[in-house]
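Okay, here's what each chain looks like letter by letter:
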Amino acid sequence: MATKTPTVPGFFKSVPASIYSPSFFAGIAGRSFWRGFWYLVGFTFLTLLVGAFVILVLPYLAHRDQINETIENALHFYPEELVVTIQDGKASTNVQEPYFIKFNEVIPTETWNEEFKEGFEVGMAMKAGEVNMEEFNLIVIDTTTPFSIEKFKEYQAVAWLSADAVYVLSENKGAEIIPLAESENILINKTLADEGMEGIWSAFKGFLPFIVILGFLFVFVFIVIFRMAYLLLFALFMLIVSSVMKLPYDYAAGYKIGFYAMTLSTLVTIVFLALGISEFFFMGTIISLLVAVINLDQAKKQG
C-alpha cells in the first residue's frame with residue numbers, strides 16, 4: 001500500500017504551523033525553495049500592512065483632531081502684520097528686525113511625546129548646535145545684519161532672510177544660500193502666503209496616495225531583500241544546530257527552514273513596536289532559532 005504524502009497547508013494555515021507544528025517543520029526540507037520564498041513574500045506583505053496600521057493609522061485616528069489642527073496652523077503660520085517686499089533682488093520689511101517666527105508657533109511641540117521631541121532636538125543639534133525647542137525659530141528676518149555662521153547659530157533658526165539671500169540650515173552646521181538676485185519683484189503678505197501654502201498642500205494631497213503606495217512598496221521590497229540576505233546567516237546557525245542535534249539538514253535546508261522560523265519573531269517585533277518596547281540584541285534570531293529547535297526536536301522524538 002502506497003504511503004500517503006502529507007498535505008502541505010495553504011498560506012494562512014502555514015502561519016500558525018510556522019510557530020508550532022513539528023510535522024510541518026519536518027517536511028520543510030523536502031519542499032521547494034519557491035514555496036518558502038512565496039510564504040516569506042506573503043507574510044511580509046501581510047505583516048507590513050498590519051504594522052502600517054498599528055504604527056501610522058491608529059496614532060492618526062487617536063490624534064486626528066490634533067494633527068489636523070497642526071496642519072491648519074502650519075498652512076496659515078504667516079503673521080498678519082508682516083509684509084516682505086523683494087525689489088530688484090533686495091528684501092525689506094515693514095517690521096522691526098530681527099523678526100522671528102518661532103518653530104513652536106507653527107508646529108506646537110508641547111504635544112509631542114518626550115522621546116520624539118528629544119530625537120528631533122538631537123537631529124537639529126547636529127545641524128545648528130545645541131537647541132532649545134521652546135526657543136528654536138523657524139525663520140528669522142534680518143535684512144540689516146550681514147550674514148555670518150556665528151550669528152545664524154545665535155539666532156537658532158532653520159532659515160534666515162537677509163537683504164539679498166535666504167540662508168537655510170544645512171548639514172555640518174553650515175548654510176545653503178538661495179540668492180534673491182534672480183527673484184521676481186514681489187510683495188508677500190498674509191493673503192499671498194496663505195494662498196501659496198494652501199496651493200502647495202492641495203497639490204501634495206493629490207500626490208499623497210501615490211507617495212504612500214510607492215513608499216509602502218519600497219519598504220516591502222527592501223524588507224524582503226533584507227530578510228533573504230539575513231537568511232544566509234540564519235542558515236549557518238541552523239547548520240550548527242543541526243550538527244549538534246544530529247539532524248539530517250544541510251545549509252540549503254536551514255535556509256528554507258528560516259523562511260518559516262521567522263514568523264514568530266516578526267509578530268513579536270510588531271507587538272514590541274506597538275507597545276514602544278525596545279528589542280534586545282539578536283532577539284529575532286534567538287526567537288527564530290528556538291522555534292526551529294523546539295519543532296525539529298519534537299519531530300525527531302515523534303519519529
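Residues numbered from 1 in each chain as written. Predicted model: local features only at pLDDT ≥ 70, side-chain atom pairs only at ≥ 80, totals over all residues. Heavy atoms only, no water.

Visitor: In this structure, what is going on with the overall build of the protein? I would like to understand it.
Guide: When helices and strands are tallied, the protein shows 10 helices and 8 strands. Taking all 303 residues of the protein together, 35% fall into the buried category. For the protein, contacts bridging at least 24 residues in sequence account for 62% of all contacts bridging at least 6. Accessible area of the protein: about 18,300 Å², with a carbon and sulfur share of 66%. (Helix = DSSP H or I, 4+ residues; strand = E, 2+ residues; numbered from the N terminus. Buried < 20%, exposed > 50% of the residue type's maximum accessible area, 1.4 Å probe, protein only. Contact = heavy atoms within 4.5 Å. Areas by Shrake-Rupley, 256 points an atom, 1.4 Å probe, with all protein chains shown as cover.)

Visitor: Sorry if this is basic, but what is going on with unusual backbone geometry here?
Guide: In most cases, non-glycine residues show a negative phi, while peptide bonds are predominantly trans. Between Glu 97 and the following residue, Pro 98, the backbone shows a cis peptide bond with an omega angle of 0°. Residue position: Pro 98 is located in the loop between β2 (90-93) and β3 (99-102). The phi angle at Asp 88 is positive, at roughly 55°, despite the residue not being glycine. Turning to its location among the elements, Asp 88 is positioned in the loop between β1 (84-87) and β2. Residue Asp 88 is classed as exposed on the basis of its relative accessible area, which comes to 61%.

Visitor: What is the right way to look at the nonpolar core in this model?
Guide: One broad rule of soluble globular proteins: the nonpolar side chains tend to lie buried together. The biggest cluster of nonpolar side chains holds 38 residues, and the ones touching the most others in it are Phe 25, Ile 257 and Phe 259. Of all the elements in the fold, those that place two or more residues in this core are α1 (11-17), α2 (22-26), α3 (33-62), α8 (190-245), α9 (251-275) and α10 (283-302). Sorting elements by how many residues they give to this core places α8 first, with 11 residues. Beyond its immediate sequence surroundings of up to four residues, Phe 25 is in contact with Ala 17, Ser 18, Tyr 249, Ile 257, Ala 261, Val 291, Ala 292, Asn 295 and Leu 296. By size, the runner-up hydrophobic cluster in this structure holds 13 residues, among which are Leu 82, Ile 101, Val 106 and Ala 193. (Core = buried A, V, L, I, M, F, W, Y, C linked by side-chain atoms within 4.5 Å.)

Visitor: Help me understand the sheet that holds strand β6 (residues 165-169), please; the structure alone is not making it clear to me.
Guide: Where strands meet in a sheet, backbone hydrogen bonds hold them as pairs that are either parallel or antiparallel. The mixed open sheet is built from 5 strands, whose spatial order is β3-β4-β5-β6-β7. If you trace the sheet from one side to the other, it starts and ends with β3 and β7 (175-179), each paired once. Each adjacent strand pair in this sheet contributes to an overall mean axis angle of 15°, direction not counted. Summarising the sheet, β3 and strand β4 (residues 137-141) pair through 4 bridges and their orientation is antiparallel. (Pairing = 2+ DSSP bridges. Axes fitted to C-alpha atoms, helices over the stretch in contact; angles between N-to-C directions.)

Visitor: Just to check I follow, could you spell out α10 for this structure?
Guide: The end-to-end C-alpha separation of α10 is 29 Å, in line with the 28 Å expected for 20 residues at 1.5 Å each. Buried residues of α10: Met 283, Thr 285, Ile 287, Ser 288, Leu 289, Val 291, Ala 292, Asn 295, Leu 296 and Ala 299, and no others. Elements in contact with the buried residues of α10: α2, α8 and α9. (Expected span 1.5 Å × (residues − 1).)

Visitor: Sorry if this is basic, but what is going on with the confidence of the model for the protein here?
Guide: Any region with low pLDDT has predicted coordinates that should not be read closely. In the predicted model, the protein carries a mean pLDDT of 84, and the fraction of residues at 70 or more is 87%. The lowest-confidence element of the protein is helix α6 (residues 114-128), averaging 51 in pLDDT; the highest-confidence one is β2, averaging 93. Low pLDDT (under 50) marks residues 1-5, which in the prediction has 0 contacts with non-local residues, meaning those over four places away or in another chain. (pLDDT = per-residue confidence, 0-100.)

Visitor: Mind showing me how you'd approach the pattern of salt bridges here?
Guide: Where charged atoms of side chains with opposite charge meet at close range, the side chains can pair. This structure, assessed with the given rule, holds 3 salt bridges. A salt bridge links Lys 151 to Glu 154, with the shortest nitrogen-to-oxygen separation between them at 3.2 Å. Of this pair, Lys 151 and Glu 154 both sit in helix α7 (residues 149-155), 3 residues apart, roughly one helical turn. Given the relative accessible area of 25%, Lys 151 is considered partly exposed. With its nearest N and O atoms 3.3 Å apart, the salt bridge here joins Asp 194 to Lys 190. Remark: Lys 190 and Asp 194 occur in helix α8; sequence separation between them is 4 residues, near one turn of the helix. Accessibility expressed as a relative area gives 17% for Lys 190, which makes it buried. (Salt bridge = Lys/Arg side-chain N within 4 Å of Asp/Glu carboxyl O.)

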